[in-house]
Amino acid sequence: MQKIKIKYFSEEIEKLTYIEGKSDWIDLRAAQEISMKQGEFRLIPLGVAMQLPEGYEAHVVPRSSTYKNFGILQTNSMGLIDESYCGDNDQWFFPALAMRDTVIHVNDRICQFRIMEHQPQIVFEETEHLKGSDRGGFGSTGRQ
């Protein structure tokens, strides 16, 4: 089991934990009450800093209910925090754009993260033909 050192910036937020039996993602909470007007951008403090193990990174994304509950979008679509962001003042933030007027309260679950190992070194080998099935289209639908 991997141990990760964590520093909390707020005593008001719940300590991080897995949601038993539901997911291996971990919820992150707003560490400050935030009022936003439609169209406003804010960095919402998440109240934590971590010392990730070397060779690992955290992927931070909105929860499935974030937009429905708060009307905010994560402006970078997915946050990536690598192991170099690990100092005493390296608090994690959620970059939010309000699509409607909203209030986010301390301890509201607004995003989630998981720890991932860095991608291994890869080399691209150019070829004229690939051996997979030719679905001839766009994405998983096979249609344009």
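As shown above, the structure is provided for reference.
Below or above, wherever it landed, is the structure these notes cover. Just so we're clear, the structure is a prediction, and the values are computed from it rather than from any experiment. (Residues numbered from 1 in each chain as written. Predicted model: local features only at pLDDT ≥ 70, side-chain atom pairs only at ≥ 80, totals over all residues. Heavy atoms only, no water.)

## Observations regarding the packing of aromatic side chains
Line of reasoning, step 1. Tallying each qualifying case throughout the model produces 1 aromatic pair.
Line of reasoning, step 2. For the pair W92 and F113, a centre-to-centre distance of 5.3 Å together with 85 degrees between the ring planes defines the contact as edge-to-face. Note that W92 is positioned in the loop between strand 8 (79-82) and strand 9 (93-98) and F113 in strand 11 (residues 109-117), a separation of 21 residues in sequence. Pair check on accessibility: W92 and F113 agree, each one buried.
Line of reasoning, step 3. In this structure, K15 packs its charged tip against the face of Y8, placed 4.0 Å from the ring centre. (Phe/Tyr/Trp six-rings, centres within 6.5 Å; stacked < 30°, edge-to-face > 60°. Helix = DSSP H or I, 4+ residues; strand = E, 2+ residues; numbered from the N terminus. Buried < 20%, exposed > 50% of the residue type's maximum accessible area, 1.4 Å probe, protein only. Lys NZ or Arg CZ within 6 Å of the ring centre and 35° of its normal.)

## Brief notes about the nonpolar core
Line of reasoning, step 1. Residues I44, I72, W92, I104 and I110 are the most contacted members of the largest nonpolar core, which totals 25 residues.
Line of reasoning, step 2. If sequence neighbours within four positions are ignored, I110 has contacts with L28, A30, I44, L46, P62, R63, T66, F70, F94 and I104. (Core = buried A, V, L, I, M, F, W, Y, C linked by side-chain atoms within 4.5 Å. Contact = heavy atoms within 4.5 Å.)

## Some words on the sheet that holds strand 11
Line of reasoning, step 1. Strand order across the open sheet formed by 4 strands is 2-11-6-8, with antiparallel pairing between neighbours. In the strand order of this sheet, the two ends are held by strand 2 (26-29) and strand 8, each with one partner. Pairs of neighbouring strands in the sheet enclose a mean axial angle of 30 degrees, with direction left out of account.
Line of reasoning, step 2. Here strand 6 (residues 56-62) pairs with strand 8 via 4 bridges, running antiparallel. Residue pairing for strand 8: H59 is matched across the bridge by L80. (Pairing = 2+ DSSP bridges. Axes fitted to C-alpha atoms, helices over the stretch in contact; angles between N-to-C directions.)

## Focus on a nonpolar patch on the surface
Line of reasoning, step 1. Together, F41, L43, Y85 and F93 make up a nonpolar patch on the protein surface, roughly 370 Å² of accessible area in all.
Line of reasoning, step 2. Assignment of secondary structure puts Y85 in the loop between strand 8 and strand 9. (Patch = residues over 30% accessible without salt bridge, like charges linked within 9 Å, V, L, I, M, F, W, Y side chains within 5 Å. Areas by Shrake-Rupley, 256 points an atom, 1.4 Å probe, with all protein chains shown as cover. Salt bridge = Lys/Arg side-chain N within 4 Å of Asp/Glu carboxyl O.)

## Describing the side chain of S10
Line of reasoning, step 1. Checked against the element boundaries, S10 lands in the loop between strand 1 (5-8) and strand 2.
Line of reasoning, step 2. What makes S10 buried here is its relative accessible area of 11%.
Line of reasoning, step 3. A polar contact of 3.0 Å, which involves the side chain of S10, links it to the backbone nitrogen of E12. (Polar contact = N/O pair within 3.5 Å; in protein donor to acceptor, adjacent residues only side chain to side chain.)

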